[in-house]
Amino acid sequence: MASVSKTDYKPRLEALYNEVVVPEIKKKFSLQNRWQVPRLMKIVVNMGVGQGKEDIKYFDQMKEDLGVITGQAPAVRRAKKSISTFKLRQGQPIGLCVTLRRQRMWEFLDRLHVMALPRIRDFRGLPLNAFDGQANYNMGVREHHIFPEVNLEKSPKAHGMNISFVTTGADRAHVRTMLELLGLPFRKDVKK
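My aim in this report is to walk through the structure given alongside it, one point at a time. Throughout this document, residue positions are counted from 1 along each chain, in the order its sequence is written. The predicted nature of this model means local features are confined to residues of pLDDT at least 70 and side-chain atom pairs, given and counted, to a pLDDT of 80 or more, with totals for whole chains, interfaces and linings taken over all residues. Working from all heavy atoms in the structure, the side-chain values ignore hydrogens and water.

1. Brief notes about the sheet that holds strand β2 (residues 75–78)
Note: two strands are recorded as paired if DSSP finds a minimum of 2 bridges between them. In this text, helices come from DSSP runs of H or I with a minimum length of four residues, and strands from runs of E with a minimum of two, each type numbered from the N-terminal end. Pairing within the open sheet is antiparallel, and its five strands lie in the order β2-β3-β1-β5-β4. Of all strands in the sheet, those bounded by a partner on one side alone are β2 and β4 (137–141). Mean inter-strand twist for the sheet, computed between neighbouring axes without regard to direction, equals 25°. Pairing between strand β1 (residues 40–48) and strand β5 (residues 161–167): six bridges, direction antiparallel. The partner of Ile43 across the bridge, within β5, is Phe165. The criterion used for residue contact is that any of the two residues' heavy atoms lie within 4.5 Å. Axis definition: a line fitted to C-alpha atoms, over the contacting stretch in the case of helices. Angles run 0 to 180 degrees between N-to-C directions. Here helix α2 (residues 56–70) sits on the sheet and contacts β1, β2, β3 (93–100) and β5; the angle it forms with β3, its principal contact strand, is near 10°.

Below you can see the structure in the form of structure tokens.
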């Protein structure tokens, strides 16, 4: 029996991208070169934890939850300056950030659309107006409990997060087609 090394492993969505998505987009938009097809460069997951400035245990729990969700230790974001109206002091931890690349990025995207998005209450698809000027897609999640990795006994309070898909695409139509072929469910245009 042959053993499988780490270098032989390829995430399911990465294989899907190379075998299905690239030829489909080249054909649909009449692109000449494989490198004109948009690529997913990284996924950035941000979580603002303003309540953590008073309760460090809550901040530590959110840090642990985000680490379990993404499979990577989050970076702590600190306040750049003091703001007295918000009772905020310079250097206090107020947020968490994780940047996912390569295999972890593909695995997170797979878990997001296969396991997490179907667990959102009254989910009708992702909004189409969340593309920015560089054709990157941003989405917000109101409850981090949609990820099955989170232990609800340790983390009873739901917390939101922002997920950004950073791409190389210049055209929103190309990037939207790429994300749809990768499995992200966008809202259908319903005309009444």
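Now that the structure has been shown, the text picks up again.
2. Some words on the pattern of salt bridges
Salt bridges are counted wherever a side-chain nitrogen of Lys or Arg sits within 4 Å of a carboxyl oxygen of Asp or Glu. Taken as a whole and judged by the stated rule, the model has two salt bridges. One salt bridge in this structure joins Arg12 and Asp110, with 2.5 Å as the shortest N-O distance. Of the two residues, Arg12 is situated in helix α1 (residues 12–29) and Asp110 in helix α3 (residues 102–116); the sequence distance between them amounts to 98 residues. Think of it in three bands: residues with accessible area under 20% of the maximum for their type are buried, residues over 50% are exposed, and the middle band is partly exposed, with areas taken using a 1.4 Å probe on protein chains only. What makes Asp110 buried here is its relative accessible area of 15%. A salt bridge links Arg176 to Glu180, with the nearest nitrogen and oxygen atoms 3.2 Å apart.

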